[in-house]
Amino acid sequence: MRDPLAALLRSGGHPHSAHGVAIKLGCIASTFLCNNLLHAYLSRSVPAHARRLFDEMSRRNLVSWSVVISGSARHGVLAEAFALFSHMLHGAGQGSWDRPDSFMLGALVAGCSRARHVDAGVQVHACVAKFGVDEDESVAAALVDMYAKCGWVDSSWRAFTLAPQRSVLSWTSMIACLVNQGSSGYHDAAMLLFKKMLALKVWPTNVTFSCILKVFNTPDLLSVGMQIHGCLLKIGTEVDTALGSALMTMYGRCGGVDEIARLACRIRHDVFSRTSLLGAYARNGYNAEAIGVFKEMILTNMAIDQSAMTCLLQVCSSVGQLRMVREVHCYALKTFFKLDTLLLNAIITVYGRCGDTTSAETVFNLMEEQDIISWTALLTCYAQNGLDEEVLLFFREMLRRGLGSPVFCMTSVLRACSRTSNLAIGLQIHSRTVKLGIDDDNSVENALVTLYANCGSVQVALKIFNSMSNRDIVTWNALLTSFSQHGNEVAAIQLFDLMQEEEVCPDDYTFVGLLSSCSRMGLVKEGCEYFNEMKAKYNLEPKMVHYTCMVDLFARAGRFCDAMDFIDAMPYEPDQILWEALLASCKIHGNLGLGRIAAKKILEITPHDYSAYITLSSIHASVDMWDEKCWNRTVFDTQQARKDTGRSWIDAQELSENILDTLQIGVM
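Residues numbered from 1 in each chain as written. Predicted model: local features only at pLDDT ≥ 70, side-chain atom pairs only at ≥ 80, totals over all residues. Heavy atoms only, no water.

As recorded in an unreviewed UniProt entry, the protein goes by the name Pentatricopeptide repeat-containing protein, listed as coming from Sorghum bicolor.

Structure representation (structure tokens):
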């Protein structure tokens, strides 16, 4: 009767029923049947029943031990698996079993891999060598995978090279190990290994292709990624849902949007492939397409995970619609019982980019677990919205809690110090970057150049600039703007000439500093040439700030007719800043008629800004028109207007001292 029962178990029969029948018929003593029952219990994830049956077995063989040990390891009960393995070794020779086989040892290695327990894995590796099963392909592949998942790259490579027979699983595990390290050097090694695998005619599986596709993460690698795609098609690999998702993710990172659309039409979709498609569209700015994918997921009742919500928030960030962000946030709260930290961090980030710092603070304060990314996200939210004092206070709290200082966090604090001209704190932050070994990071160096330049320490900014090995356009703009703002306009123009010699392509901000320098020096001809070069030479469309600089250039030189002609020819409607620049020049040159026009325009744009009356009264006084000056003052007083009180950052001295004390404690 045992054979029919064993056949029933192997065909998917329920182990409890078969177990009861075996007891009733009196054939439970059969080791063969009990082994099948053990396997059935463990296959149905009932390890407790399997262990009870194993303990009650009167006779056990090697298969019995292999099934129960491998099952325990597979279900994550690693301590029990090793206890059984030790008990088996001590009883070897007393029962009917022999030495451990490759199935058992391979299962133990796989258990160590899942538990990321490298110390136990090393001990099993020793047993593998001791019992002579290290030549088995499956065991060798399991060892490579175990060391790879535990982060022991050298040991994984050694296990791979020493294996006499390398299966496709070994190759795939080694490639995955190198790819997951994230370094470009490891990625190059993974590509070389993949090419060698093909040369030896070890044909990759879908998992192998999914691993190697992770290497291609920038647009300049798109062509190589397409070659890998062509390779898998050439050898006849069927693109299933998982591989299709990996391909769409790769094309999304590399900017191959056309290929994404083609793939989306060719594969069967599940939640993972739809999420990959959503993320690929969101990464490349195809917001309408990304929203369409999300709507389709909802209409087809697809189980949306929090990863998809994170991708959708990226779309909200690009669109910049606060209402949409709130709708996504409410949908996430309604859909999921608990939001994970990754999604909450994304919500904080998007609220910050949309200017809603209050909601960002609320989400942060309600989080059960706040990691360093959460703190950095809220600090960046403050920095993006110009809340520099909050940035410094929040950073002080981070230091008090002993949190780390990521590069992005340090640059935000340095920019806050720069905008508030708080050199005292800036010096301490600079010292901290040196101590952390991140002072040579390009973004940190750019922030330092801007800090010292804005605080008037132009020579220190120039020293950092000269020491930089990798200067980008942000670096050049920071120094050029500092020269322009601190009265060294000649140096600003010379720096622009040096940019051209080194073939550094300028951007909008470069020309703002350059035109401002020409305006202060009265270089009308040169300023006009630079303005014309923006479009003709660098294909940069002038913005309102550039037109304002040109109006200021003409007006400072007393060429008011040219200034008005320039305003009339502008493609934009003049804003308040432009008219204020014109009014300031009218005050210098005593141009009362044009000054009245400029003041009227300012009051039309901002009726409650009465500073125009003050400037206009000063113009009247400069040309001895005291009655008009008196009239302006009367209007000013009648409207109960008052000039805003000036502010100085000297009031922040107490804050500076508190942060300095915290920094010194942290550094010590």
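Draft legend 1. Inspection of the environment of L448 at higher detail. For L448, the position within the fold is in helix α27 (residues 442-454). Expressed as a C-alpha distance, the spacing of L448 and S418, which sit 30 residues apart in the sequence, is 8.5 Å. Once residues within four sequence positions are removed from consideration, L448 is found in contact with L414, H430 and I464. (Helix = DSSP H or I, 4+ residues; strand = E, 2+ residues; numbered from the N terminus. Contact = heavy atoms within 4.5 Å.)

Draft legend 2. Summary view of the environment of A107. Relative to the assigned elements, A107 resides in helix α7 (residues 102-115). Sequence separation between A107 and I69 is 38 residues; the distance between their C-alpha atoms is 7.8 Å. Leave out the neighbours within four places in its chain, and A107 touches S70 and A73.

Draft legend 3. Highlighting unusual backbone geometry. Not every positive phi belongs to a glycine, and N301 is a case in point at roughly 55°. As for its position among the elements, N301 is in the loop between α18 (287-299) and α19 (306-319). Judged by its relative accessible area of 71%, N301 is exposed. (Buried < 20%, exposed > 50% of the residue type's maximum accessible area, 1.4 Å probe, protein only.)

Draft legend 4. Quick look at the confidence of the model for the protein. Taken as a whole, the protein shows an average pLDDT of 80; of its residues, 82% reach a score of 70 or greater. Least confident of the elements in the protein is helix α38 (residues 626-638), whose mean pLDDT is 44; most confident is helix α22 (residues 357-366), at 94. Contacts for the low-pLDDT stretch residues 622-641, under 50 throughout, to residues beyond four places or in other chains number 26 contacts. (pLDDT = per-residue confidence, 0-100.)

Draft legend 5. The packing of aromatic side chains, seen in detail. Applying the stated criterion across every chain, the model contains 19 aromatic pairs. Among the aromatic residues, those joined into a cluster by ring pairs are F531, Y547, F554, F566 and Y572. Looking at R166, its charged tip hangs above the ring of F160, at a distance of 4.8 Å from the centre. Lying over the aromatic face of F465, R471 brings its terminal NZ or CZ to 4.5 Å of the ring centre. (Phe/Tyr/Trp six-rings, centres within 6.5 Å; stacked < 30°, edge-to-face > 60°. Lys NZ or Arg CZ within 6 Å of the ring centre and 35° of its normal.)

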